[in-house]
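Given next are the chains, with one letter for each unit.
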Number of protein chains: 2
Amino acid sequence: MPETPEIQLSDTSLTFAKGLAVLKCFDATSVTLTIPEIARRCDLDRAVARRLVLTLVRLGYVRQRGRSYSLSPRILVLAGGFLQGRRFGLAVQPVLEGFATQLGQPLMLAMRDGFDAIYVAHAGSEGVMPRLGFTVGSRLPLLSTSLGRALLTVEEPATRAALIAEAPLTAWTERSVTDRGRLAQLIGAVPAGTPVRASGEFEPGVTATSLGFRCDGGELAAIGHSSESALYTEPGFPEQVEATLQKCAAALRGLL
Amino acid sequence: MPETPEIQLSDTSLTFAKGLAVLKCFDATSVTLTIPEIARRCDLDRAVARRLVLTLVRLGYVRQRGRSYSLSPRILVLAGGFLQGRRFGLAVQPVLEGFATQLGQPLMLAMRDGFDAIYVAHAGSEGVMPRLGFTVGSRLPLLSTSLGRALLTVEEPATRAALIAEAPLTAWTERSVTDRGRLAQLIGAVPAGTPVRASGEFEPGVTATSLGFRCDGGELAAIGHSSESALYTEPGFPEQVEATLQKCAAALRGLL
DNA sequence: AATTTTTTGTGCGATTATCGCACGTTGCAG
DNA sequence: CTGCAACGTGCGATAATCGCACAAAAAATT
């Protein structure tokens, strides 16, 4: 199990949970939804879904256009609470930008959330974003990306093993590693702070190197670099990337 | 009134609204909160606050560390639904990046949310972000920034007047315009598509130019540029900025 | 260090907000 | 124009929520 909710069963608010499910069902593929659609997706009665959606409308998180509903930019304010509270704008982003321009290559930062790695920041994004369409909040598969695997290397051994055993394992390309045993070999026992490389497993022709690190506050994160695989054949390039990642991790360790 | 919720009173879920208030009270200045603090901020009974927070913990939106609670990265997934749904990663960001590098200057994109302008994207952020600490989801005052005022210029005249009359008006610097009458002169009657400039009103020594636009889908947005005021004395620079903003707005109009 | 005072965590019954059925309506297709 | 299906919404029964009261912990005071 990824999180340890310590089994707090029924002193949680059911209505609130349903409401959050409604909010969550506005995802990347569902820009606008009608009330019946929402009810079906969340397995709610139409009347219930209606009341919850109207609550979101009244509070400004959702906009109504005729009979269809869509998220309003206000949802970003919630994310802003997280980002600004941890000083992503003031402290993290500048560090990332600095090392990205020094390396001349994009860098990205991710944190784990359950079975996913979540994109939390990036710098020098000219190359990577248009191709993959990543934004803040994008979810990456934990086991099929170097960022995700790097996050695993700093996890407690028990958690690491559990995640390798249970996290979804999809074949994205023909080079994807789909054998959990092989994954355990790759990242099951490496010491924390080992750079992780993946070539063409998630996206053909793209190689990525990532480094997980444990922050002073205890938070886990991973920084990564992604570029065309060809670049990695240039002498010294992999070493340069890894050195930058190490320095960047060291700089970020105290900030989060 | 900014939004028109059309007075849907009591077919909204009270519990859900309270839960969202709890989620919202984790803002930039409150990274970690205890249950009693949350209860006080949201004016809730401690037991109620507890149940709502534990719900957030169980669903993974909040992390518990001893007696204090803080947002988890999962909150970004909600924002990701908005960002990816509108193709910010795939379509919007590349356009922004393109024009930003062409101009050699940072560009930023904002949308209105009530009395605030909300930062939704930026490109070429080396200069502006470290200084102001803006992130996706940052809230800017509508009347005191060029981005905010540009958003007003594309609003319906009635809404525009209402916002000029009612939106908060804080003096950020000594150059801030704090007279609503003067603001009405500046932006109350200009035609949609007029660039808006502000010099040192929000931040001393910084001049910003912004342009509001109405997208094909009806969404309102504004793109802006911000730089040291000195740059604007170079001949041709203001014109170059405005031309870029116009082209960028035209390119974005069909995307949102 | 011991005691007082304040603050916090949580069980339980009354009450109230919520659920989901039912009906009336709207949009769509034949 | 008619029939059908999907949708929006009032209302009573019911179950989830509220907030009090108590216990425990922490903090402040003596």
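What you are looking at is a predicted structure, and each value in this text was computed from that prediction instead of being measured.

A. Spatial organisation of the packing of helix H8 (residues 157–166) of chain A against helix H9 (residues 180–187) of chain A. All names here are of chain A. Close contact between H8 and H9 brings their axes to 9 Å; oriented N to C, the two are set at 150 degrees. Taken together, the axes of H8 and H9 are roughly antiparallel relative to one another. The element H8 and its partner H9 pack so that their crossing is right-handed. Across the interface between the two elements, Arg160, Ile164, Ala165 and Glu166 of H8 pack against Arg180, Leu183, Ala184 and Ile187 of H9.

B. Local environment of helix H5 (residues 88–103) of chain B. For H5(B), the full list of buried residues reads B:Phe88, B:Gly89, B:Ala91, B:Val92, B:Gln93, B:Val95, B:Leu96, B:Glu97, B:Phe99, B:Ala100 and B:Leu103. Within two residues after H5(B), B:Gly104 carries a phi angle of roughly 70 degrees, on the positive side.

C. Inspection of the pairing of strand S9 (residues 220–228) of chain A at higher detail. All names here are of chain A. In terms of burial, S9 is a largely internal element, eight of the nine residues being buried. Looking at chain direction, strand S4 (residues 107–113) and S9 are connected through four bridges and run antiparallel. Bridge assignment links Leu107 to a residue of S9, and that residue is His225. As paired strands, strand S8 (residues 206–214) and S9 are joined by nine bridges and run antiparallel to one another.

D. Looking closely at the interface of chain B and chain A. On the side of chain A, 75 residues touch chain B, which itself brings 75 residues to the contact. Note on chain B versus chain A: buried area summed over both sides is about 6,600 Å², and carbon and sulfur give 63% of it. Counting across the chain B and chain A interface gives six salt bridges. For A:Arg50, the salt bridge identified is with B:Asp11, shortest N-O distance 3.1 Å. Between chain B and chain A we count 18 residue pairs in polar contact (both at pLDDT 80 or more) in total. Residue contributions to the side of chain B that touches chain A peak at eleven residues, all from helix H4 (residues 75–85) of chain B. The residue makeup of the side of chain B that touches chain A, split by class, is 34 nonpolar, 24 polar and 17 charged.

E. Highlighting the sheet that holds strand S3 (residues 68–71) of chain A. Residues and elements named next belong to chain A. Spatially, the three strands line up as an open sheet ordered S1-S3-S2, and their pairing is antiparallel. This sheet does not close on itself; its edge strands, each paired only once, are strand S1 (32–34) and strand S2 (62–65). The average undirected angle you get between the axes of adjacent strands in this sheet is 35 degrees. Relative to S3, S1 runs antiparallel, the two sharing three bridges. Its bridge partner lying in S3, Thr34 is registered against Ser68. Its contacts with the sheet put helix H2 (residues 35–42) on S1 and S3, and the angle it makes with S1 is roughly 90 degrees.

F. Structural view of the protein's contact with DNA strand C. Residues in close proximity to DNA strand C total 17 residues, the closest being A:Asp45, B:Ser13, B:Leu14, B:Arg46 and B:Arg50. The sugar and phosphate moieties of DNA strand C supply 60% of its atoms located within 4 Å of the protein. Here a phosphate oxygen of DNA strand C and a backbone polar atom of B:Leu14 are 2.9 Å apart. B:Arg50 is positioned with one of its side-chain polar atoms (N or O) 3.0 Å from a phosphate oxygen of DNA strand C. If you list the elements that add at least two residues to the surface near DNA strand C, you get helix H1 (14–24) and helix H3 (46–59) of chain A together with helix H1 (14–24), helix H2 (35–42) and helix H3 (46–59) of chain B.

G. Broad picture of the domain arrangement of chain A. According to the domain assignment, chain A consists of domain 1 (14–72) and domain 2 (77–253). Using C-alpha coordinates to define each centre, domain 1 of chain A is positioned 32 Å away from domain 2 of chain A.

H. Structural view of the protein's contact with DNA strand D. What surrounds DNA strand D is a group of 16 residues, the closest being A:Leu14, A:Arg46, A:Arg50, B:Lys18 and B:Asp45. The sugar-phosphate portion of DNA strand D accounts for 66% of its atoms within 4 Å of the protein, the bases making up the rest. Note that a phosphate oxygen of DNA strand D is positioned 3.1 Å from one of the backbone N or O atoms of A:Thr15. At a separation of 3.1 Å, a phosphate oxygen of DNA strand D approaches a polar side-chain atom of B:Lys18. Elements with a contribution of two residues or more to the surface near DNA strand D: H1, H2 and H3 of chain A together with H1 and H3 of chain B. The class makeup of the residues in the surface near DNA strand D is five nonpolar, three polar and eight charged.

I. Region of the structure containing the pattern of salt bridges. Under the defined criterion, the tally for this structure stands at 18 salt bridges over all chains. Measuring nitrogen to oxygen at the nearest pair gives 2.8 Å for the salt bridge that ties A:Arg74 to B:Asp113. Residue A:Arg74 is found in the loop between S3 and helix H4 (75–85), and its partner B:Asp113 is found in strand S4 (residues 107–113); the two belong to separate chains. You can call A:Arg74 buried: its relative accessible area is 16%. Among the salt bridges present, the one from B:Arg197 reaches B:Glu242, with a minimum N-O distance of 2.9 Å. Of this pair, B:Arg197 sits in strand S7 (residues 196–199) while B:Glu242 is found in helix H10 (residues 237–253), placing the two residues 45 residues apart along the sequence.

J. Quick peek at unusual backbone geometry. Residues and elements named next belong to chain A. For Arg87, which is not glycine, the phi torsion reads 55 degrees and is therefore positive. Structurally, the position occupied by Arg87 is in the loop between H4 and helix H5 (88–103). Judged by relative accessible area, Arg87 falls into the partly exposed class, the value being 44%.

K. View of the packing of aromatic side chains. All names here are of chain A. Scanning the entire structure with this criterion turns up eleven aromatic pairs over all chains. Aromatic pair Tyr119 and Phe134: ring centres 5.1 Å apart, planes at 50 degrees, arrangement tilted. In this pair, Tyr119 sits in strand S5 (residues 116–123) while Phe134 sits in the loop between helix H6 (128–132) and strand S6 (139–141), placing the two residues 15 residues apart along the sequence. Arranged with centres 6.5 Å apart and planes meeting at 25 degrees, the rings of Phe134 and Phe202 form a pair that is stacked. Pair noted here: Phe134 is in the loop between H6 and S6 and Phe202 is in the loop between strand S7 (196–199) and S8, with a separation of 68 residues, a long-range link.

L. Spatial organisation of the relation of the copies chain B and chain A. Of the transformation superimposing chain B on chain A, the axial component is 0.0 Å and the angular component is 180 degrees, with the fit at an RMSD of 0.1 Å. With respect to symmetry, the two chain copies, as superposed, fit the operation of a two-fold axis. No C-alpha of chain B approaches the rotation axis more nearly than that of B:Phe16, which lies at 2.3 Å. The residues that chain B uses at the interface reappear at the interface of chain A in 100% of cases, marking a shared surface.

Cut-offs used in this document
- Along every chain, residues carry numbers that run from 1 in the direction the sequence is written.
- Whichever chain is written first is A, and whichever ligand is written first is 1; the rest continue in order.
- Local features in this predicted model are restricted to residues whose pLDDT is 70 or higher, and side-chain atom pairs enter the listing and the counts only when it is 80 or higher, whereas totals over whole chains, interfaces and linings include all residues.
- Working from all heavy atoms in the structure, the side-chain values ignore hydrogens and water.
- Interaxial angles span 0 to 180 degrees and are taken between N-to-C directions of axes, which are lines fitted to C-alpha atoms, for helices over the stretch in contact.
- What counts as a helix is a DSSP run of H or I of at least four residues, what counts as a strand is a run of E of at least two, and both are numbered from the N terminus.
- Each angle gets one of four labels, with under 35 degrees taken as roughly parallel, over 145 as roughly antiparallel, 65 to 115 as roughly perpendicular, and the rest as oblique.
- Rotating anticlockwise by less than a right angle from the far helix to the near helix defines a left-handed crossing, while the corresponding clockwise rotation defines a right-handed one.
- Should any heavy atoms of two residues lie within 4.5 Å, those residues are considered in contact.
- For every residue, the accessible area obtained with a 1.4 Å probe (protein chains only) is divided by the maximum for its type, and the residue is called buried under 20%, exposed over 50%, and partly exposed between those limits.
- By the convention used here, strands pair only if DSSP detects at least 2 bridges between them.
- Buried area: the accessible area, evaluated with a 1.4 Å probe, that two parts lose upon being put together, summed over both parts.
- The salt bridge definition used is simple: a Lys or Arg side-chain nitrogen within 4 Å of an Asp or Glu carboxyl oxygen.
- N or O atoms closer than or at 3.5 Å make up a polar contact, with two conditions inside protein: a donor-capable atom paired with an acceptor-capable one, and, for residues adjacent in sequence, both atoms drawn from side chains.
- The residue classification treats Ala, Val, Leu, Ile, Met, Phe, Trp, Tyr, Cys and Pro as nonpolar and Asp, Glu, Lys and Arg as charged. All others, Gly included, are polar.
- By convention in these notes, a residue is near a molecule or strand provided one of its non-hydrogen atoms lies within 4 Å of it.
- Delimitation of the domains relies on an automatic or database domain assignment.
- Each pair of aromatic rings taken from Phe, Tyr and Trp, with Trp reduced to its six-membered ring, is defined by centres within 6.5 Å and is described as stacked if the planes are under 30 degrees apart, edge-to-face if over 60, and tilted in the remaining cases.
- For the least-squares superposition of copies, only C-alpha atoms count, and only for residues with pLDDT at least 70 in both.

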